[in-house]
Amino acid sequence: MSSTKYILGVFDDPDEMMHGIDKLQKNSVPIYDVYTPMPIHGIEAKLNIKDSRLGYAAFMFGCLGGTIMFSMVYYMLVHDWPINIGGKNFFAIPDFIPVTFEWTVLWTSFGMTFTFFFASHLFPGRAPRVMDLRATDDKFVIAINAKGNISHDDITNLLKEAGATEVKHNDRKYVSYE
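If you're wondering where the values come from, they're calculated on a predicted model, not measured in any experiment.

Student: Would you explain the sheet that holds strand S3 (residues 140-145) in this entry?
Tutor: Whether parallel or antiparallel, the strands of a sheet pair through hydrogen bonds between backbone atoms. Pairing is antiparallel in the open sheet, where 4 strands are placed in the order S2-S3-S1-S4. Where the open sheet ends on each side, the last strands, each with one partner, are strand S2 (33-35) and strand S4 (166-170). The mean inter-strand angle of the sheet, taken between neighbouring strand axes irrespective of direction, is 20°. Relative to S4, strand S1 (residues 6-11) is paired through 5 bridges, and the arrangement is antiparallel. Residue Ile7 lies in a different strand from S4, and its bridge partner there is His169. Across the sheet, helix H1 (residues 14-26) touches S1, S2 and S3, and the angle it forms with S3 is around 20°.

Student: Looking at this structure, I do not really get the UniProt feature "transmembrane region" (unreviewed entry) in the chain. What am I missing?
Tutor: Under the UniProt annotation, "transmembrane region" (unreviewed entry) lies at residues 54-77 and 104-124. For residues 54-77, the end-to-end C-alpha separation is 34 Å, with 100% helix and 0% strand making up the annotated structure. The distance separating the terminal C-alpha atoms of residues 104-124 is 24 Å; by composition the span is 81% helix and 0% strand.

Student: Honestly, the pairing of S1 in this entry has me stumped. Any pointers?
Tutor: Two faces belong to every sheet, and in a regular strand the side chains alternate between them. For S1, the tally of buried residues reaches 6 of 6 residues, placing the bulk of the element in the interior. Of the two faces of S1, the one holding Tyr6, Leu8 and Val10 and the one holding Ile7, Gly9 and Phe11 are both buried throughout. When S1 meets S3, the two strands line up antiparallel, connected through 6 bridges. Following the sheet pairing, Phe11 is matched in S3 by Phe140.

Student: For this particular structure, what's the right way to read the domain arrangement of the chain?
Tutor: Splitting the chain by domain gives domain 1 (6-50 + 129-170) and domain 2 (54-119). Each of domain 1 and domain 2 has a C-alpha centre, and these two points are 46 Å apart.

Student: What exactly am I supposed to notice about unusual backbone geometry here?
Tutor: Leave glycine aside and you will find that most residues have negative phi; peptide bonds, for their part, are mostly trans. We note that Ser28 has phi near 55°; this positive angle belongs to a residue other than glycine. Residue position: Ser28 is located in the loop between H1 and S2. By relative accessible area, Ser28 is classed as exposed at 59%. Even without glycine at this site, Asn48 takes up a positive phi of about 55°. Looking at where Asn48 falls in the secondary structure, it is placed in the loop between helix H2 (43-46) and helix H3 (54-80).

Student: Sorry, what's going on with the side chain of Thr156 here?
Tutor: Within the secondary structure layout, Thr156 lies in helix H5 (residues 152-162). With residues up to four places along the chain from it excluded, the contact list for Thr156 reads Val167 and His169.

About the cut-offs
- Residues numbered from 1 in each chain as written.
- Predicted model: local features only at pLDDT ≥ 70, side-chain atom pairs only at ≥ 80, totals over all residues.
- Heavy atoms only, no water.
- Pairing = 2+ DSSP bridges.
- Helix = DSSP H or I, 4+ residues; strand = E, 2+ residues; numbered from the N terminus.
- Axes fitted to C-alpha atoms, helices over the stretch in contact; angles between N-to-C directions.
- Contact = heavy atoms within 4.5 Å.
- UniProt positions renumbered as here; feature names shortened; annotations may be inferred.
- Buried < 20%, exposed > 50% of the residue type's maximum accessible area, 1.4 Å probe, protein only.
- Domains from an automatic or database assignment.

Take a look at the structure:
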């Protein structure tokens, strides 16, 4: 039994990598992930990646921050310590808008930072994990889960036909920087 977990196809050119994705998909080979040193236009649609739901999280964090701040200002200026300034109403909503807006932005930014770290597993201090270190520099890598897939030799041949300069059989999920 092979201990290979992932088969990596390393490409020099993004067009060849896109051709490799097409070739693998035509042969019903599921792709685990694709690593590139730069954004590639159209790759999300080709890999059937769904749109991110982080926008919904941002909206919820903004609503939470705005509600908390509006409630705090209302409580402090209307119930806890009402001050009569020139006969104005205690509950003057225009006075609440600037600080409520600032807290909405603050809660959204902090909430999205924590949500991003949670969703991507990139907590501060954690070593970055990549399949092939060259994917962050100048290579384009297609990672294929080797377990429960078609023959490894067939996958290797498909990647070579598509223009892969190198095909590696990984026995670990990630390569660490250490």
